[in-house]
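Spelled out, the chains give:
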Amino acid sequence: MKTQILISGLLLMSTLAKAQELINRTLVKFNVSGAVFQNYTVQYERILTKNSSITFTAGTSQNAPLPFKQALLDRFSDNADAVRAINTTLFTKYIGTFEYRFYLAGHAPTGWYIAPFVRYINMTINQDYTYTDLKGVLHRPNLKAQFNAGGAGVLLGYQWMLGKRIGVDLWLLGPFYGTNVKADFVGYDPLWQSLTTEDIQNIKRDITSTKLPGYTATDRINLPVIEALLEGPYYGVRALGLALSYRF
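Source: prediction; values computed, not measured. (Residues numbered from 1 in each chain as written. Predicted model: local features only at pLDDT ≥ 70, side-chain atom pairs only at ≥ 80, totals over all residues. Heavy atoms only, no water.)

J.: Just to check I follow, could you spell out the overall build of the protein chain for this structure?
T.: In terms of regular secondary structure, the protein chain is built from five helices and 11 strands. For the protein chain, the spread of C-alpha atoms along the three principal axes comes to 105 × 30 × 25 Å. Among the 248 residues that make up the protein chain, the fraction classed as buried is 39%. Residue pairs in contact within the protein chain that sit at least 24 positions apart in sequence constitute 66% of those at least 6 positions apart. About 14,100 Å² of surface is accessible on the protein chain, with carbon and sulfur atoms providing 64% of the total. Seen as two clouds, the 24 positive and the 17 negative side-chain charges of the protein chain have centres 18 Å apart. (Helix = DSSP H or I, 4+ residues; strand = E, 2+ residues; numbered from the N terminus. Buried < 20%, exposed > 50% of the residue type's maximum accessible area, 1.4 Å probe, protein only. Contact = heavy atoms within 4.5 Å. Areas by Shrake-Rupley, 256 points an atom, 1.4 Å probe, with all protein chains shown as cover. Lys, Arg positive; Asp, Glu negative; His and termini not counted. Charge placed at Lys NZ, Arg CZ, Asp CG, Glu CD.)

J.: What am I meant to see in a nonpolar patch on the surface here?
T.: Taken together, the side chains of V28, Y44, F56, F98, V118, W160, L162, I166, Y246 and F248 make up a nonpolar region of the molecular surface, amounting to roughly 920 Å² of accessible area. Its place among the elements puts W160 in strand β8 (residues 142-161). (Patch = residues over 30% accessible without salt bridge, like charges linked within 9 Å, V, L, I, M, F, W, Y side chains within 5 Å. Salt bridge = Lys/Arg side-chain N within 4 Å of Asp/Glu carboxyl O.)

J.: Is there a simple way to think about the nonpolar core in this case?
T.: In terms of nonpolar packing, the biggest core is built from 37 residues, with Y129, F147, V181, A183, F185, I203 and I207 touching the most fellow members. Residue contacts for I207: discarding those within four places in its chain leaves Y129, A217, T218, D219, I221, E227 and A228. (Core = buried A, V, L, I, M, F, W, Y, C linked by side-chain atoms within 4.5 Å.)

J.: What's the story with unusual backbone geometry in this structure? I'm lost.
T.: If a residue is not glycine, its phi is most likely negative; likewise, a peptide bond is most likely trans. The peptide bond linking A108 to P109 adopts the cis configuration, its omega dihedral lying at 15°. Along the chain, the position of P109 falls in the loop between β4 (90-103) and β5 (111-128). Residue P224 is reached from L223 by a cis peptide bond, and omega for that bond is 10°. Here P224 shows up in the loop between β10 (216-219) and β11 (225-247). A positive phi angle is found at Q38, which is not glycine, with a value near 60°. As for its position among the elements, Q38 is in the loop between α2 (32-35) and β2 (40-47).

J.: Got a minute to help me understand the packing of aromatic side chains in this structure?
T.: The description of an aromatic ring pair uses the distance of the two centres, along with the angle that the planes make with each other. According to the stated counting rule, one finds eight aromatic pairs in the structure shown. On the numbers, 5.0 Å between centres and 70° between planes, the contact of W112 with Y158 is edge-to-face. Of this pair, W112 sits in strand β5 while Y158 sits in strand β8; the two residues are 46 residues apart in sequence, bridging distant segments of the chain. Here Y246 and F248 contribute two aromatic rings whose centre-to-centre distance is 6.1 Å and whose plane-to-plane angle is 25°, an arrangement assigned as stacked. Judged by its relative accessible area of 38%, Y246 is partly exposed. (Phe/Tyr/Trp six-rings, centres within 6.5 Å; stacked < 30°, edge-to-face > 60°.)

J.: It is not clear to me how the side chain of T41 should be interpreted in this structure. Could you clarify?
T.: Secondary-structure assignment places T41 in strand β2. What makes T41 buried here is its relative accessible area of 7%. Setting aside chain neighbours within four positions, we find T41 in contact with K29, F30, N31, T57, A58, G59 and W171.

J.: Would you explain the pattern of salt bridges in this entry?
T.: For side chains bearing opposite charge, pairing can occur when the charged atoms are close. Taken as a whole and assessed by the stated rule, the structure comprises 11 salt bridges. Residues K29 and E45 are paired through a salt bridge, measuring 2.6 Å at the closest nitrogen-oxygen approach. Here E45 lies in strand β2 and K29 lies in strand β1 (residues 26-31), a separation of 16 residues in the sequence. Here K29 matches E45 in class, with each residue buried. Across the pair R101 and E45 runs a salt bridge whose closest N-O atoms are separated by 3.4 Å. Of this pair, R101 sits in strand β4 while E45 sits in strand β2; the two residues are 56 residues apart in sequence, bridging distant segments of the chain. Comparing R101 with E45, the two get one shared label, buried.

In structure tokens, the structure reads:
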């Protein structure tokens, strides 16, 4: 009788442990570090096995300034047009990311992990494109562009639990590369009639001399419309993200 009770107790404990494992396979997270740059991100993670999980991340920024704006202002402090452009640039974006995580030590959801991922972005950018013509008149047409893009990459990260429920997820480094981007910046210049032929040529040169790694800029000026097409690959890095998680 005692042996039967002992066996029954062990079976019950094993069943409860397995049930607990099944219950606590979900984590929801909020990216604390991103909020500093007005980038609000939430993530859902579902544990599949002791070595793996899948996650879906959704994020948005609404009329946010450029990240590291002050560093850019310091760098271009001697260029009045660049300073005005940096100060007036605002972007709104929506991002969706799906990843498969492989936990190296086999203790999901804790420890080091490698995560191949795919990412989609929809972005709108507003910026004042300022220039002074040969008569000394300051022009400030507001240019707006919108584009969609997708990419893929690999993320290295580390996650640990501070208790049964609360955890921390550190996204260390995740470079990605993707589809071609065509950002068509279009705006209206209300002072266009003061422009001379030489002014227009200067604007064209200014647009086409834009230097971004891998990108080309093409002027499409048809006054009073100022238009610039920026083409290049969608690339970037997910780095140093710190998310608080709740497990249930």
